[in-house]
There are 2 protein chains.
Amino acid sequence: MKKTDKSKMRRPKAETPVGFQDYFHDYLAQRKSMMNTIAEVFQRYGFDCLETSAIENLDALGKFLPDLDRPNDGVFAWKDDDKWLSLRYDLTAPLARVVAQYRQSLPTPYRRYAMGPVWRNEKPGPGRFRQFYQCDADTVGSNSVGADAEMIVLVADILGSLGLENTDYRIKINNRKVLDGVLEVAGVIDESGLASHTDIRGMTFRAIDKYDRLGLQGVRNLLGKGREDTSGDFTRGAELTPQQIDLIVSFLTMKQSNSQKIIDELRQLVGSTDIGSEGVFELYQIMDLVANNPNLRNRIEIDTSVVRGLDYYTGPVIEVELTFEITDKKGRVRQFGSVAGGGRYDGLIKRFTGQVIPSTGISIGIDRLMSALAAKKQNSPSPNSIGPILVTVMDPHRLADYFNIANSLRQVGFRSEVFLGTTRNIGKQLKYADARNCPLAIIQGEDEKTRGVIQLKDLHKGTEISKTATLEEWRLRDWQAEINEHDLVTTLRTKYPSLIYS
Amino acid sequence: MKKTDKSKMRRPKAETPVGFQDYFHDYLAQRKSMMNTIAEVFQRYGFDCLETSAIENLDALGKFLPDLDRPNDGVFAWKDDDKWLSLRYDLTAPLARVVAQYRQSLPTPYRRYAMGPVWRNEKPGPGRFRQFYQCDADTVGSNSVGADAEMIVLVADILGSLGLENTDYRIKINNRKVLDGVLEVAGVIDESGLASHTDIRGMTFRAIDKYDRLGLQGVRNLLGKGREDTSGDFTRGAELTPQQIDLIVSFLTMKQSNSQKIIDELRQLVGSTDIGSEGVFELYQIMDLVANNPNLRNRIEIDTSVVRGLDYYTGPVIEVELTFEITDKKGRVRQFGSVAGGGRYDGLIKRFTGQVIPSTGISIGIDRLMSALAAKKQNSPSPNSIGPILVTVMDPHRLADYFNIANSLRQVGFRSEVFLGTTRNIGKQLKYADARNCPLAIIQGEDEKTRGVIQLKDLHKGTEISKTATLEEWRLRDWQAEINEHDLVTTLRTKYPSLIYS
């Protein structure tokens, strides 16, 4: 680095990159508690933890994101020597790589959970985040619909453990095989699953997936000639015939209060195809398996509009929606929408090994769930939002003494720190204590030291702190106590046991 | 994705990218426990948590890594639309960005800790990892040497909390200002700190930093004409004169058992320079502040060869070394070396704001510390390494019943799962239980169901599991019990309370 050049350079701007976030103490304390709860449920269901590196070889990760208009199809990727590396865009693709790589030593089925950030190369824009946390559980190597049903029970159990009522959410299931049956009946794909042109199946799924956001006409356009959005960008359509579009739309908008009725209707619609029948039977089995679970009563429904955005699903798909409304920062009431989803992906590991390893999983979006819970239980106090006991510095030459005081408090489990800013003004030091939400301040000036005492101030009891008060003025407040310096630890343990951290 | 093209493509190789690692359950359980312990100590000292996104704007991150021969100076970076993005290479540079960005709302001093992965674009090679975990604590906005001394006390407290004896480590301190004094005396830089040519100061620091690895002659070459490594790669030297090199080397190799003696000697060497005197006085103050801490007695020493690799340090620097030897996989005895380090960096935030914000911090390398602790306390059992109670599947049509059994166990805190693999063979199911280290298996076939009982097998008590046994054979084993199905939960709670997870 050239010193001379550096001074000429313009200063870099201090800003979070567009689409990314910084997280501070209280948020992180709550997220940690939430992730611990989820991890405990995962473990109780028998899943083991796995963490892969954030970076994968691009070819191992595959391209399953629907964001085809972004560089590298929505993935952050770069060239490293002669290979392309990329950041993982979910936790499932790396799992497939791990299973293929370690299959000799992993148990079958391999049941793992994973938690961590994933990255998407989304178009930057307000509220569209390019890094977010996921918590996933997957069962790899099981073709039992029991494994799919378990994901539903599991996610309901997690939401319950996090404090949601079962009226707060709805679990919607569908099956890609039923969709394939519909496409076969419509003549979009043939019996072997092959489409008349290359990506028509994927385009159809992605069109259906946008039903919530674009409405019926938007989906019709995407299935037909294409669609122009408000910004004038044009998305190519699947070019299906009006009859094909009608059939798909009639399937998509199928609504029945009763899942037995919808199963009957689906059987009629796709019963002539093998793949469709199989899909309907699986839906029936899953509904049957979860029927007796009290957490799920009236919480689970078949919804034919659920397809899930990712390309790799092959069977049952699940989507979990929160049902309560929240008021956003601008005062608008809105639905929370999806906080978790998943499904069966039997072909993902085959990419590596050539061998089908049937797999199914669920993925929970932590950031969205955090916002939802925050909206639900407003302002529940977090134990971590209380600051440390502040040992003020009256005499800079006695720093070692102040450190000893803080250490003696830490040893019995209090959070404590010595004030390390530049000011010697007690008012400014207590202003810092205020900013940190410190419960107590400890003051020992020359006079107190001579008399072997300590001034203890209960800041949470005190009225608003005057920023310019002198030491003398502070001494006159009634929410402070003078105690013998040797009694400090004992006094605090007795009077403030709730501040003991561990 | 084109179906037809895809089948023609060669299969991707399932491999962890070079220089990266996958972590499995037991390792992760231990790491989590370690990181929780460290976080608790950080919090006890009054630090608050911060998490920045993994990705930063490249210009905000700056280039402070010494790995000048790698693309982007050792950082993973790529172009995103019209801007360069990069993965953070440490937790300090993002902290500087956050402080500059949020300085109006953060308390002063701002005391934060951060934990997470960082990425280095190192030359791939065995044992050189390109992603690793760091745990950092920093005090931003304090010019007190107390803040530097606190980092030393803090790191000793952390190592103690993790179960290390204070004879297991050594904390070495030095001061970049003393080094600047030496360079000024040697005539390498002038009074204003400017060097005769642009990067000579950085090159000198980096040369000294390699003392441990390259030995004295290696450092001499790097200070002089340059050095050729075993692979034939040539590193340009700082081109100092033999007299300058001699002075630096005499400083570098200064060894004294007694820190007062070394302080006296340093004062003599650099006392004629302002910067050097200041550095020596700071060393004296730090030694004085930690002198009474019982954890640190005989654990801290001044070591003039410590400079720390990163370019941004400006004052006291700290390095923490483990002193015990370990035997590596190839049977070689080796020293563990550095597990933590840090120091003062007064200029890092100035890059953004133009204003000096004095700061100091410590960074702990989690991966290395994990290996060290594993070597220290061999095979201590982790509570997470015990698998779930396995509910075997005798009759696929009764999956819902088996799920109910597993759920009833989970509800009282047992880890439990239903076997979801394809086999109905009891021997194979128990082989899976073995691979998962399951403590118990539950069996309920048709006969048991009719009689309303359950077979309970204690797998940890059992002898080696015969892989091909029939159900009848298993029934004859004496380490199994037949119990009434309604008594299952009560029986397990009474007989196996230690398996209750939470």
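Residues numbered from 1 in each chain as written. Chains lettered and ligands numbered in written order. Predicted model: local features only at pLDDT ≥ 70, side-chain atom pairs only at ≥ 80, totals over all residues. Heavy atoms only, no water.

Chemist: Explanation requested: the overall build of chain A in the structure shown.
Modeler: The helix and strand inventory of chain A stands at 18 helices and 18 strands. The buried share of chain A, reckoned over its 502 residues, is 57%. Here the contacts in chain A between residues at least 6 apart in sequence split such that 69% fall between residues at least 24 apart. Just so you have it, chain A exposes about 21500 Å², and 48% of that area is on carbon and sulfur atoms. (Helix = DSSP H or I, 4+ residues; strand = E, 2+ residues; numbered from the N terminus. Buried < 20%, exposed > 50% of the residue type's maximum accessible area, 1.4 Å probe, protein only. Contact = heavy atoms within 4.5 Å. Areas by Shrake-Rupley, 256 points an atom, 1.4 Å probe, with all protein chains shown as cover.)

Chemist: Quick question: what am I supposed to make of the interface of chain B and chain A here?
Modeler: You'll often see interface size given as the accessible area lost when the parts meet. At the interface, 112 residues of chain B touch 112 residues of chain A. Counting each side, the surface lost to burial between chain B and chain A is near 9300 Å², with a carbon and sulfur contribution of 54%. Counting the contacts that link chain B with chain A gives 16 salt bridges. The partner of B:Arg111 in a salt bridge is A:Glu417, and the shortest N-O contact between them spans 2.5 Å. (Buried area = accessible area lost by both parts, 1.4 Å probe. Salt bridge = Lys/Arg side-chain N within 4 Å of Asp/Glu carboxyl O.)

Chemist: What is the right way to read the environment of A:Gly215 from this model?
Modeler: Residues and elements named next belong to chain A. Among the structural elements, Gly-215 can be located in helix α8 (residues 211-223). Looking at Gly-215, the relative accessible area reads 24%, which means it is partly exposed. Note: C-alpha distance between Gly-215 and Gly-279 (64 residues apart in sequence) is 25 Å.

Chemist: Just checking my understanding: could you explain the pairing of strand β4 (residues 83-87) of chain A for this structure?
Modeler: Moving residue by residue along a regular strand, the side chains alternate between the two faces of the sheet. All names here are of chain A. Across 3 bridges, the pairing between strand β2 (residues 55-57) and β4 is antiparallel. The partner of Ile-55 across the bridge, within β4, is Leu-87. Two elements, strand β3 (residues 77-80) and β4, share 4 bridges in a ladder whose sense is antiparallel. From the neighbouring strand, Lys-79 faces β4, where its bridge partner is Trp-84. (Pairing = 2+ DSSP bridges.)

Chemist: Help me out: how do you make sense of the pattern of salt bridges in this one?
Modeler: Side-chain pairs of opposite charge can arise whenever the charged atoms involved come near each other. A full pass over the atoms with the stated rule returns 60 salt bridges over all chains. Where B:Lys172 meets B:Asp303, a salt bridge forms, and the shortest distance between an N and an O atom there is 3.4 Å. With B:Lys172 in strand β7 (residues 169-175) and B:Asp303 in the loop between β10 (300-302) and β11 (316-327), this pair connects stretches of sequence that are 131 residues apart. A relative accessible area of 7% places B:Lys172 in the buried class. Take B:Asp303: its relative accessible area is 4%, and that puts it in the buried class. By sharing partners, the salt bridges in this structure join A:Asp48, A:Arg111, A:Glu150, B:Arg410, B:Arg415, B:Glu417 and B:Arg436 into a single network.

Chemist: Sorry if this is basic, but what is going on with the relation of the copies chain B and chain A here?
Modeler: Mapping between the two copies of the chain is achieved by a rotation about an axis and a shift along the axis. Expressed as a screw operation, the relation of chain B to chain A combines 0.0 Å of axial shift with a rotation of 180°, fitting to an RMSD of 0.0 Å. Given the turn and translation reported, the copies of this chain are related as if by a two-fold rotation axis. Residues of chain B ranked by C-alpha distance from the rotation axis are headed by B:Trp78, positioned 3.0 Å from it. Taken as a fraction of all interface residues of chain B, those also at the interface in chain A reach 100%, which identifies the copy contact as same-surface. (Least-squares fit on C-alpha atoms with pLDDT ≥ 70 in both.)

Chemist: For this particular structure, what's the right way to read the side chain of B:Thr304?
Modeler: All names here are of chain B. By the element assignment, Thr-304 lies in the loop between β10 and β11. Judged by its relative accessible area of 0%, Thr-304 falls in the buried class. Dropping the residues within four chain positions of it, Thr-304 is found in contact with Asn-174, Phe-251, Leu-252, Thr-253, Met-254 and Leu-266.

Chemist: Please clarify how the sheet that holds strand β13 (residues 359-365) of chain A should be interpreted in this entry.
Modeler: Two orientations exist for strands paired in a sheet by backbone hydrogen bonds: parallel and antiparallel. Residues and elements named next belong to chain A. As summarised here, the arrangement of the 8 strands in space is β1-β5-β6-β13-β12-β11-β7-β10, forming an open sheet in which the pairing is mixed. On the outer flanks of this sheet lie β1 (48-49) and β10 (300-302), each paired with one strand and no other. Where strand β6 (residues 131-140) lies against β13, 7 bridges are found, and the strand directions are antiparallel. Within β13, the residue paired with Val-140 across the bridge is Ser-359.

Chemist: Just to check I follow, could you spell out unusual backbone geometry for this structure?
Modeler: Most peptide bonds adopt trans geometry, and most residues besides glycine take a negative phi value. Residue and element names in this part refer to chain A. The omega torsion across Thr-108 and Pro-109 is -5°, close enough to zero to call that bond cis. By the secondary structure assignment, Pro-109 is in the loop between α4 (92-102) and β5 (110-119). Phi at Asn-298 takes a positive value of approximately 60°, unusual for a residue other than glycine. Even without being a glycine, Asn-437 presents a positive backbone phi close to 60°. Its place among the elements puts Asn-437 in the loop between α15 (426-435) and β16 (440-443). Using a relative accessible area of 31% as the deciding quantity, one classes Asn-437 as partly exposed.

Chemist: What should I look at first to understand the environment of A:Val356 in this one?
Modeler: All names here are of chain A. Position of Val-356 relative to the elements: it lies in the loop between α12 (350-353) and β13. Residues Val-356 and Gly-116, spaced 240 residues apart in sequence, show a C-alpha to C-alpha distance of 27 Å. Not counting residues within four places of it along the chain, the set of residues in contact with Val-356 comprises Asp-346 and Lys-350.

Chemist: Hey, could you run me through the sheet that holds β16(A) in this one?
Modeler: Residues and elements named next belong to chain A. Pairing in this open sheet of 5 strands is mixed, and the strands run β15-β14-β16-β17-β18 from one edge to the other. The open sheet has two edge strands, β15 (416-418) and β18 (480-484), and neither has a second partner. Across the sheet, the axes of successive neighbouring strands diverge by a mean angle of 25°, strand direction being ignored. Alignment of β16 against strand β17 (residues 453-458), held across 4 bridges, turns out to be antiparallel. Each bridged residue has a counterpart across the sheet, and for Ala-441 the counterpart in β17 is Lys-457. Contacts from helix α14 (residues 399-411) reach β14 (389-391), β15, β16 and β17, with the element oriented near 175° to β15. (Axes fitted to C-alpha atoms, helices over the stretch in contact; angles between N-to-C directions.)

Chemist: Explain the pairing of strand β11 (residues 316-327) of chain A to me, please; I cannot follow it from the model alone.
Modeler: All names here are of chain A. For β11, a buried count of 9 out of 12 residues is recorded, marking the element as mostly surrounded by other parts of the structure. Direction of pairing for strand β7 (residues 169-175) relative to β11: antiparallel, over a ladder of 7 bridges. The partner of Asn-175 across the bridge, within β11, is Pro-316. Sheet topology note: the β11/strand β12 (residues 333-344) ladder contains 9 bridges and is antiparallel. Bridge pairing links Glu-321 to Ser-338 in β12.

Chemist: Can you help me understand the side chain of B:Lys172 in this one?
Modeler: Among the polar contacts listed, one links the side chain of B:Lys172 to the side chain of B:Glu321, at a separation of 2.7 Å. Contacts of B:Lys172, omitting those with residues within four sequence positions, involve B:Glu301, B:Asp303, B:Val306, B:Val317, B:Ile318, B:Glu319 and B:Glu321. (Polar contact = N/O pair within 3.5 Å; in protein donor to acceptor, adjacent residues only side chain to side chain.)

Chemist: Teacher, can you tell me more about the packing of α14(A) against helix α18 (residues 488-495) of chain A here?
Modeler: A packed helix pair is summarised by two numbers, namely the angle formed by the two axes and the spacing between the axes. All names here are of chain A. Contact geometry for α14 and α18: axes closest at 10 Å, N-to-C directions at 40°. Taken together, the axis directions place α14 and α18 in an arrangement best described as oblique. Where α14 crosses over α18, the handedness of that crossing is right-handed. Contact residues: α14 offers Ile-405, Ser-408 and Leu-409, while α18 offers Leu-488, Val-489 and Leu-492. The residue makeup of the contact of α14 with α18, split by class, is 5 nonpolar, 1 polar and no charged. (Parallel < 35°, antiparallel > 145°, perpendicular 65-115°, else oblique. Left-handed = near helix turned anticlockwise from the far one by under 90°. Nonpolar A, V, L, I, M, F, W, Y, C, P; charged D, E, K, R; others polar.)

Chemist: So what exactly am I meant to see when it comes to the nonpolar core here?
Modeler: Across soluble globular proteins, you tend to see nonpolar side chains buried next to one another. Residues A:Phe42, A:Leu154, A:Ile171 and A:Ile173 are the most contacted members of the largest nonpolar core, which totals 117 residues. No other element matches helix α5 (residues 145-161) of chain A, which puts 11 residues into this core. Contact partners of A:Ile173, with chain neighbours within four places excluded, come to A:Ile152, A:Leu283, A:Ile286, A:Met287, A:Ile300, A:Glu301, A:Ile302, A:Asp303, A:Val317 and A:Ile318. Listed in part, the 115 residues of the second largest apolar core include B:Ala147, B:Leu159, B:Leu164 and B:Ile263. (Core = buried A, V, L, I, M, F, W, Y, C linked by side-chain atoms within 4.5 Å.)

Chemist: Would you mind showing me how to read the state of the cysteines here?
Modeler: Covalent bonding between the sulfur atoms of two cysteines is what defines a disulfide. Residues and elements named next belong to chain B. All told, the structure shown has 0 disulfides over all chains when counted by the stated rule. Free of any disulfide, Cys-49 has its nearest neighbouring cysteine sulfur in Cys-135, separated by 9.8 Å. Judged by its relative accessible area of 0%, Cys-135 falls in the buried class. (Disulfide = S-S within 2.5 Å.)

Chemist: How should α15(A) be read in this particular structure?
Modeler: Every α-helix carries 3.6 residues per turn, so stepping three or four residues along brings you back to the same face. Residue and element names in this part refer to chain A. Within α15, burial applies to Ile-426, Gly-427, Gln-429, Leu-430, Tyr-432 and Ala-433. Looking at where α15 begins, the residue whose side-chain oxygen comes 2.7 Å from the main-chain nitrogen of Gly-427 is Asn-425. Directly after α15, the chain includes Asn-437, whose backbone phi takes a positive value near 60°.

Chemist: Looking at this model, I keep getting lost on helix α14 (residues 399-411) of chain B. Mind explaining?
Modeler: With 13 residues, α14(B) should reach 18 Å at 1.5 Å per residue; the first-to-last C-alpha distance of 18 Å fits that figure. Of the positions making up α14(B), those classed as buried are B:Leu399, B:Tyr402, B:Phe403, B:Ile405, B:Ala406, B:Asn407, B:Leu409 and B:Arg410. (Expected span 1.5 Å × (residues − 1).)

Chemist: Got a minute to help me understand the packing of helix α2 (residues 25-44) of chain B against helix α13 (residues 366-376) of chain B in this structure?
Modeler: All names here are of chain B. Two elements in contact, α2 and α13, have axes whose closest approach is 11 Å; the angle formed by their N-to-C orientations is 110°. Viewed along their axes, α2 and α13 adopt a mutual orientation that is roughly perpendicular. Touching Tyr-27, Gln-30, Arg-31, Met-34, Met-35 and Ile-38 of α2 are Ile-366, Asp-367, Leu-369, Met-370 and Leu-373, all from α13. Among the residues forming the contact of α2 with α13, the class breakdown is 8 nonpolar, 1 polar and 2 charged.

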